Amino acid sequence: MTAVSRRLRSAGRFAAGLILTGLATAGAQAADVVLSTAQAASAPVAPPAPAAPVISGGASLAQAGLGLFAVIALILGLAWLARRVGLVRHGTGGAAMKVVGSLTLGARQKVVMVEVGDTWLVLGVSAGEIRPLHTLPAQPDAMVPAGTTAPQPLQGGFGERLMRAMQENLKK
């Protein structure tokens with residue numbers, strides 16, 4: 001780019017800036033004239049409308065707290081109703097099926113022995129399937145090593161089960 005073309009370009013920008021400035025000034029003057037004419041011709045101004053009542057911070061906090069309390073009460077009420085109607089199943093103390101023992105073979109494979117009634121089922125468990133391997137008649141406490149007690153059946157609530165499990169883990 002030559003020096004002459006740079007000068008012509010900057011002169012063009014300067015001229016465009018002057019034109020835009022002149023138009024803006026003329027527009028602002030015209031707007032002032034229109035506004036002053038409209039104010040002079042208008043009727044007397046009505047008093048401003050009363051403002052909406054201001055809610056204090058404490059009142060809005062109390063309202064939010066009551067709304068939260070109502071939602072929690074609704075959830076608890078629906079849970080109680082579902083339990084009363086029978087939509088929630090409770091675990092039974094004497095399960096018809098229990099795991100007698102298991103052996104991990106790999107990252108995703110294991111062999112599990114399950115007692116169903118008076119029969120033991122040996123199952124192969126993998127990530128995609130469970131396959132029966134063998135069937136045995138149930139043997140009383142054959143899988144429990146000497147010197148240990150047999151596991152107690154799951155009875156009581158969650159808290160009791162958790163305490164029992166923690167005590168058994170501390171003994172080991």
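Residues numbered from 1 in each chain as written. Predicted model: local features only at pLDDT ≥ 70, side-chain atom pairs only at ≥ 80, totals over all residues. Heavy atoms only, no water.

Student: Would you mind showing me how to read the sheet that holds strand E3 (residues 119-125) here?
Tutor: In a beta sheet, neighbouring strands pair by backbone hydrogen bonds and run either parallel or antiparallel. Read from one edge to the other, the open sheet built from four strands follows the order E1-E2-E3-E4, with strand pairing classed as antiparallel. The open sheet has two free edges, formed respectively by strand E1 (97-104) and strand E4 (130-137), since each of these has just one partner strand. For this sheet, the mean inter-axis angle between neighbouring strands, taken without regard to orientation, is 20°. Relative to E3, strand E2 (residues 110-116) is paired through seven bridges, and the arrangement is antiparallel. Directly across from lysine 110, in E3, lies its bridge partner valine 125. (Pairing = 2+ DSSP bridges. Helix = DSSP H or I, 4+ residues; strand = E, 2+ residues; numbered from the N terminus. Axes fitted to C-alpha atoms, helices over the stretch in contact; angles between N-to-C directions.)

Student: It is not clear to me how helix H2 (residues 57-85) should be interpreted in this structure. Could you clarify?
Tutor: Since one α-helical turn is 3.6 residues long, residues separated by three or four positions face the same way. Taking 1.5 Å per residue, 29 residues should reach 42 Å; H2 reaches 42 Å between its end C-alpha atoms and fits that length. Across the 29 residues that make up H2, only a small minority, one, are buried. (Expected span 1.5 Å × (residues − 1). Buried < 20%, exposed > 50% of the residue type's maximum accessible area, 1.4 Å probe, protein only.)

Student: Would you take a moment to explain the pattern of salt bridges for this structure?
Tutor: For side chains bearing opposite charge, pairing can occur when the charged atoms are close. If you walk through the whole model with that rule in mind, you get two salt bridges. Of the charged contacts in the structure, one is a salt bridge between lysine 98 and glutamate 115, with a shortest N-O distance of 4.0 Å. With lysine 98 in strand E1 and glutamate 115 in strand E2, the pair connects residues that are 17 residues apart, well separated along the chain. Across the salt bridge formed by arginine 131 and glutamate 129, the nearest N and O atoms sit 3.1 Å from each other. (Salt bridge = Lys/Arg side-chain N within 4 Å of Asp/Glu carboxyl O.)

Student: Before we go on, may I ask you to explain the pairing of E1 in this structure?
Tutor: Look at any regular strand and the pattern is simple: side chains alternate between the two faces of the sheet. Taken across its eight residues, E1 has zero buried, putting it largely on the surface. Alignment of E1 against E2, held across seven bridges, turns out to be antiparallel. The residue bridging leucine 103 from the neighbouring strand is valine 111, located in E2.

Student: Could you clarify how one ought to interpret the confidence of the model for the protein in this entry?
Tutor: Regions with low pLDDT carry predicted coordinates that are not meant to be interpreted in detail. Of the residues in the protein, 53% reach a pLDDT of 70 or more, and the chain-wide mean stands at 74. Of all secondary-structure elements in the protein, the lowest mean pLDDT belongs to helix H1 (residues 3-41), at 61, while H2 reaches the highest, 91. (pLDDT = per-residue confidence, 0-100.)

Student: Explanation requested: a nonpolar patch on the surface in the structure shown.
Tutor: A cluster of nonpolar side chains, Leu74, Leu78, Trp80, Leu81, Val85 and Leu87, forms an exposed patch at the surface whose accessible area comes to about 690 Å². Relative to the elements of secondary structure, valine 85 occurs in helix H2. (Patch = residues over 30% accessible without salt bridge, like charges linked within 9 Å, V, L, I, M, F, W, Y side chains within 5 Å. Areas by Shrake-Rupley, 256 points an atom, 1.4 Å probe, with all protein chains shown as cover.)

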